[in-house]
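Topology and contacts: notes
If you want the building blocks of each chain, they are given just below.
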Amino acid sequence: VQLVESGGGLAQAGGSLSLSCAATGSIFTIRDMGWYRQAPGSQQRELVATITSGLDEHYADFVKGRFTISRDNDKNTMALQMNSLKAEDTGVYFCKADISQVTTPWRDYWGQGTQVTVSS
């Protein structure tokens with residue numbers, strides 16, 4: 001199983017960017033999926049948004065009203081639309097998914113991360 005992210009890049013404050021994440025491999029089913037980010041100089045990843053298989057969305061307070069998470073269960077993909085970007089949104093964004101395979105139990109998988117840089 002692999003999670004492959006795409007998108008990101010450079011944007012000006014107030015602008016928009018979108019991220020995508022595709023889960024590939026021998027997947028039986030996916031439960032929660034989410035986006036996390038790691039700010040420059042930080043060792044921790046903070047939750048940005050999550051979405052369940054039933055499409056229930058949850059957002060960190062600092063992105064509510066600006067970011068929108070979505071997923072396509074048939075394609076095993078997830079997206080994050082980021083609007084009204086701020087300089088403090090800069091960081092490496094990671095996708096995470098709780099995945100089970102036919103012969104293995106549930107576990108979390110992480111993407112490799114994609115850089116988002118917002119200039120003020």
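Summarised in this report is the structure supplied together with it. No experiment lies behind these values; they were computed from the predicted model shown.

Procedures and definitions
- Residues numbered from 1 in each chain as written.
- Predicted model: local features only at pLDDT ≥ 70, side-chain atom pairs only at ≥ 80, totals over all residues.
- Heavy atoms only, no water.
- Salt bridge = Lys/Arg side-chain N within 4 Å of Asp/Glu carboxyl O.
- Helix = DSSP H or I, 4+ residues; strand = E, 2+ residues; numbered from the N terminus.
- Buried < 20%, exposed > 50% of the residue type's maximum accessible area, 1.4 Å probe, protein only.
- Phe/Tyr/Trp six-rings, centres within 6.5 Å; stacked < 30°, edge-to-face > 60°.
- Lys NZ or Arg CZ within 6 Å of the ring centre and 35° of its normal.

Digging into the pattern of salt bridges
- This model, assessed by the stated rule, comprises six salt bridges.
- With a closest N to O distance of 2.9 Å, Asp98 and Arg31 form a salt bridge. One end of the pair, Asp98, is in strand S9 (residues 91–100); the other, Arg31, is in strand S4 (residues 29–38), and 67 residues separate them in sequence.
- By relative accessible area, Asp98 is classed as buried at 13%.
- Taking relative accessible area as the criterion, Arg31 reaches 37% and is therefore assigned partly exposed.
- For Lys64, the salt bridge is made with Asp61, and the minimal N-O distance between the two is 3.2 Å.
- Asp61 gets classed as exposed once you look at its relative accessible area, which sits at 63%.

Observations regarding the packing of aromatic side chains
- Within this structure, the stated rule accounts for two aromatic pairs.
- A ring pair is formed by Phe94 and Trp110, whose centres lie 6.4 Å apart and whose planes are at 80°; its orientation type is edge-to-face. Placement of the pair is Phe94 in strand S9 and Trp110 in strand S10 (residues 107–110), with a sequence separation of 16 residues.
- Connected via pairs of aromatic rings, a cluster forms that spans Tyr36, Phe94 and Trp110.
- A cation over a ring is seen here: Arg45 above Phe94, with NZ or CZ 3.6 Å from the ring centre.
- Lying over the aromatic face of Trp110, Arg45 brings its terminal NZ or CZ to 4.7 Å of the ring centre.

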